[in-house]
Amino acid sequence: MILGLTGGMGCGKSTAARMFEDLGWRRIDCDALVRTEVLTDPCIITLIQKQFGAGVIVDGAIDRARLADRVFTDSVSLKWLEALVHPEVHKRWVARVEEAPEANWVVEVPLLFEKGLQKGFDFVACVACSPSVQLARLQERGMNRTLAEQRISQQHPLVSKLEHSHFVLSNDGTPEFLRRQIELLTARLITNASQGLI
């Protein structure tokens, strides 16, 4: 079974993904794939340097903060980068799933609906919280409010993600409340799978 996990920035996708992992799911974090594999690939580094110049490269590696400053204020540059990076990420997580197709996988994909990836999953769950909680969490990470609002505005509205997801996980409450929802969802999915209902 492959469960796509999405949601808005700061809504708690990674927290939820770790909870699924604690319950025996195999986890793939697409943001981590970008950081550790795609943006460290020499071919990708070369292409990004050609596109954006040496200013985004420090000691032969991509400086993600400098790159973000370039692309999040320029929609054309952002689209170019996404067109380069997203297919590479998709290729990598699909390869991992294919290595153990019998396992239960949870794949954390921030731009799942934005990139039309929903057909690649058996189900999609969306982690949601109120806008005030979302902004507060991003500011706790050190992101200023203006930048946080800018990043959020470049994603699909959270309400649209909720409407297109099979399941919604509410993360306005305590971690225990989120974990209980995930436990119930896991039990439901595994029971249905064992009965041949999935």
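Preceding this paragraph is the structure being described.
Conventions we followed
Residues numbered from 1 in each chain as written. Predicted model: local features only at pLDDT ≥ 70, side-chain atom pairs only at ≥ 80, totals over all residues. Heavy atoms only, no water. Helix = DSSP H or I, 4+ residues; strand = E, 2+ residues; numbered from the N terminus. Rg over C-alpha atoms; globule rule 2.2 N^0.38 Å. Buried < 20%, exposed > 50% of the residue type's maximum accessible area, 1.4 Å probe, protein only. Contact = heavy atoms within 4.5 Å. Areas by Shrake-Rupley, 256 points an atom, 1.4 Å probe, with all protein chains shown as cover. Lys, Arg positive; Asp, Glu negative; His and termini not counted. Charge placed at Lys NZ, Arg CZ, Asp CG, Glu CD. Salt bridge = Lys/Arg side-chain N within 4 Å of Asp/Glu carboxyl O. Core = buried A, V, L, I, M, F, W, Y, C linked by side-chain atoms within 4.5 Å. Polar contact = N/O pair within 3.5 Å; in protein donor to acceptor, adjacent residues only side chain to side chain. Arc of directions from axis to C-beta.

1. Thoughts on the overall build of the protein
- In terms of helices and strands, the protein carries 9 helices and 7 strands.
- The C-alpha radius of gyration of the protein comes to 18 Å, within 12% of the 16 Å expected for a compact globule of 198 residues.
- Each principal axis of the C-alpha atoms in the protein carries an extent, and together these give about 55 × 40 × 25 Å.
- In the protein, which comprises 198 residues, the share counted as buried stands at 44%.
- Sequence separation of at least 24 residues holds for 73% of the intrachain contacts in the protein that already meet a minimum separation of 6.
- In the form shown here, the protein has an accessible surface area of approximately 10,500 Å², with 53% of it arising from carbon and sulfur atoms.
- Where the 23 positive side-chain charges of the protein centre and where its 24 negative ones centre are 2 Å apart.

2. Structural notes on the pattern of salt bridges
- Summed over the entire model, instances satisfying the criterion amount to 13 salt bridges.
- Note that Glu 37 is salt-bridged to Arg 96, the shortest N-O span being 2.4 Å. Here Glu 37, found in helix 2 (residues 30-38), pairs with Arg 96, found in helix 5 (residues 75-99); they are 59 residues apart in sequence, far enough to count as distant.
- Since its relative accessible area comes to 28%, Arg 96 is described here as partly exposed.
- In this structure, Lys 161 engages Glu 114 in a salt bridge whose closest nitrogen and oxygen atoms are separated by 3.2 Å. Here the residue Lys 161 occupies a position in helix 8 (residues 158-164), and Glu 114 occupies one in the loop between strand 5 (105-108) and strand 6 (123-128), the gap between them amounting to 47 residues. Considered together, Lys 161 and Glu 114 belong to a single accessibility category, that of buried residues.
- Here the salt bridges share partners, and the residues they tie into one network are Glu 37, Asp 41, Glu 88, Lys 91, Arg 92 and Arg 96.

3. Re the environment of Ala 16
- Looking at the element boundaries, Ala 16 is found in helix 1 (residues 13-22).
- Judged by relative accessible area, which is 0%, Ala 16 ranks as buried.

4. Some remarks on the nonpolar core
- Within the largest apolar cluster, 32 residues are counted, with the highest numbers of intra-cluster contacts made by Ile 48, Leu 67, Val 89, Trp 93, Val 107 and Phe 121.
- Taken together, the elements giving at least two residues each to this core come down to helix 2, helix 3 (42-52), helix 4 (64-71), helix 5 and strand 5.
- It is helix 5 that contributes the most residues to this core, 7 residues altogether.
- With residues up to four places along the chain from it excluded, the contact list for Phe 121 reads Ile 2, Leu 3, Gly 4, Trp 93, Val 107, Val 109 and Leu 112.

5. Section: the environment of Asp 122
- Looking at the secondary structure, you find Asp 122 in the loop between strand 5 and strand 6.
- Along the primary structure Asp 122 and Phe 177 are separated by 55 residues, whereas in three dimensions their C-alpha atoms are 25 Å apart.
- Those residues in contact with Asp 122 that lie beyond four places of it in its chain are Met 1, Ile 2 and His 166.
- Engagement of the side chain of Asp 122 in a polar contact is seen with the backbone nitrogen of Ile 2, the distance being 2.8 Å.

6. Describing helix 6 (residues 131-140)
- For helix 6, every residue scored as buried is listed here: Gln 134, Leu 135 and Leu 138. Each buried residue of helix 6 lies within a common arc of 95 degrees when the element is viewed along its axis, so the set occupies one face. Structural note: helix 6 exposes Ser 132 and Glu 140 on the side pointing more than 90 degrees away from its buried face.
- Residues of helix 6 that are buried in the fold lie against helix 7 (145-153).

Shape descriptors only; they carry no functional weight alone.
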